[in-house]
Structures are given as C-alpha cells and as structure tokens.
Amino acid sequence: MTVRRFSPGTVSGPPVLLVHGFASDGHTDWITTGWPAALTATGREVLVPDLPGHGSSPATGGSQGAKAITAELTRLVSGLSEVDVVGYSLGARLAWELPAQAPVRRLVLAGVSPFEPFGAVDVVAAMAFAEGGKTPADPLTAMIAHMITAPGRNPAALARCIEDLRQEPFAPVAGAVTVPTLFVAGVDDPVSQGIETLAGLVPGAGLVRVPGDHGGALRSPEFKAAVLDFLG
C-alpha cells in the first residue's frame, strides 16, 4: 500500500491518518484539498495512504474486503502509541473498524452511510459498461460504473473491491466504537442520509453538518475547520 508522509517542523500531537473514499485516492481527496498543510501547521505528522486497487497502490492478490484493508491500515500505524483517524465515505466505513485494532485516540467519520453502500450494485453491468457497453439502467450502478471508469482508475480492481466489500457488509452496532468520535455530513449529501442513527451508536459522539453534496462537503472549508477543532 503506497503511503505519503508529511512531517511538521515541530511535533505537538499524535499523527493523523487520512483515509480516502472509493474510486479516489489520497492525493485527490486529501492533498489537493490542503489537508496535509493544515495538519502539519498544527504540529501533526500526516499519513495519506492509497487503498489497495486505488491510486498508486496495486490490487493485492488476496481479499480487498474491509477486514483485509483495515488490517493493512492497522499495520501502517502499529508502531505508534496513538493516532487520530479521519475517514471519508468508504474511508469512514473502514475507519469505523480501526479503534478495535489500532491505537486510535480520536476518530472522524465523514460522508458515511449507515448501510452497506455496495449491496445493490450490479457489478456485472458496471463492468460491461467499462468494457464499452451501455450505461446501466439502475442509477446507483450507473454512478458506480462512471466512478470506476474515470481517468486513471482501474475498473477491474475497483469492481473486485466492490465484490469483496459486499462479502463483508457494513453492520455497525452500539459499543463497537468507544473513542471520542465526530461525524460529519454534507447537508445535500444523499450518501450520508441516516448518519444520525450511526452517531447514536457511539457514546458522546458529535455530529456536524457542513455545506455541500458528497463531493462538495469533502472540499468545504467548514469540514476542515470542524475536524481541526475536534482534533485539538
């Protein structure tokens, strides 16, 4: 798994792990939006991985499901005494699992659905589109088909990631996360509908709504400001 690291001049807090969304990469979600600069300015080292099959990280020979990916993320931070984690979309769904495995101090889960996001995707139809076929009739599958065929993406690796993730559907339960947690959702983001029920499973969790749809919320200054305030 490819990881970019950014170091502050003077360290004044635990490192921050930034976990990107599906069919994106660390550069697109975090670096182009100024997160490493904002965090290193507060004295934090920043870790920005590309998930397997995304960006510059090749697809692995094994599973690309949630258990396998979170195991890789856990190995990435295994030498740390504590780490703050910020996940967006798929990154937040994966980050939900990390406090049970890694020394997470604070957790931010943004742009996340309380339900399994890939359960209704027709992967066969999406791959048919990737190979030159028609746009899928189902709106969700059509959206995924266009995401996995965007420039620089690996459609086959991303389709396999969907298949593996749906083998381990997201099933959040109360008590699974006990560290201080902030949930963030765009006011116009359909993906985050129902996020308040997810926040209700985490004792003392906060919920902040910021301007924008799924992509707009990620890039909003309000999102960054809320996270910087929460991480202290």
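Each remark here, short or long, concerns the structure printed above.
Predicted model only: the values in this text are computed from it and were never measured.

Scoring rules and cut-offs
- Residues numbered from 1 in each chain as written.
- Predicted model: local features only at pLDDT ≥ 70, side-chain atom pairs only at ≥ 80, totals over all residues.
- Heavy atoms only, no water.
- Helix = DSSP H or I, 4+ residues; strand = E, 2+ residues; numbered from the N terminus.
- Buried < 20%, exposed > 50% of the residue type's maximum accessible area, 1.4 Å probe, protein only.
- Lys, Arg positive; Asp, Glu negative; His and termini not counted.
- Salt bridge = Lys/Arg side-chain N within 4 Å of Asp/Glu carboxyl O.
- Polar contact = N/O pair within 3.5 Å; in protein donor to acceptor, adjacent residues only side chain to side chain.
- Contact = heavy atoms within 4.5 Å.
- Arc of directions from axis to C-beta.
- 1 Å grid on protein atoms, 1.4 Å probe; cavity = no way out; pocket = protein on both sides within 12 Å on 5 of 7 lines; lining within 4 Å.
- Points joined across faces, edges and corners; volume = space filled by probe spheres on them.
- Nonpolar A, V, L, I, M, F, W, Y, C, P; charged D, E, K, R; others polar.

**Brief notes about the side chain of D189**
One can find D189 in the loop between β6 (181–186) and α8 (195–199). Buried within the structure, D189 lacks any salt-bridge partner; R209 is the closest side chain of opposite charge, at an N-O distance of 8.3 Å. Within polar-contact distance, the side chain of D189 engages the backbone nitrogen of V191 at 2.9 Å. Polar contacts involving the side chain of D189 include one to the side chain of H214, which spans 2.8 Å. The contacts of D189, once residues within four sequence positions are left out, are Y88, G111, G212, D213 and H214.

**What to know about helix α5 (residues 123–130)**
An α-helical turn contains 3.6 residues, so a residue and the one three or four places further along point in the same direction. The set of residues buried in α5 consists of V123, A126, M127 and F129. Taken around the axis of α5, the buried residues stretch over an arc of 155°, which confines them to a single face. The N-cap of α5, judged by a side-chain oxygen 3.2 Å from the amide nitrogen of V124 a few residues on, is D122. Where α5 terminates, the next one or two residues include G132, which has phi positive at roughly 105°.

**Digging into the layout of surface pockets**
Its boundaries defined by the atoms lining it, the largest pocket holds a volume of some 620 Å³. Lining the largest pocket are 29 residues, and of these S89, M143, M147, V191 and H214 lie nearest its centre. Taken together, the elements giving at least two residues each to the lining of the largest pocket come down to α1 (26–31), α4 (90–95), α6 (139–148) and α9 (214–219). Considering only residue class, the lining of the largest pocket consists of 15 nonpolar, 9 polar and 5 charged.

**Some details on unusual backbone geometry**
Glycine aside, a negative phi is what most residues show, and trans is what most peptide bonds show. The phi dihedral of A23 is positive, around 60°, even though this residue is not glycine. By the element assignment, A23 lies in the loop between β2 (16–19) and α1. One non-glycine residue with positive phi stands out, namely S89, at about 60°. What makes S89 buried here is its relative accessible area of 18%.

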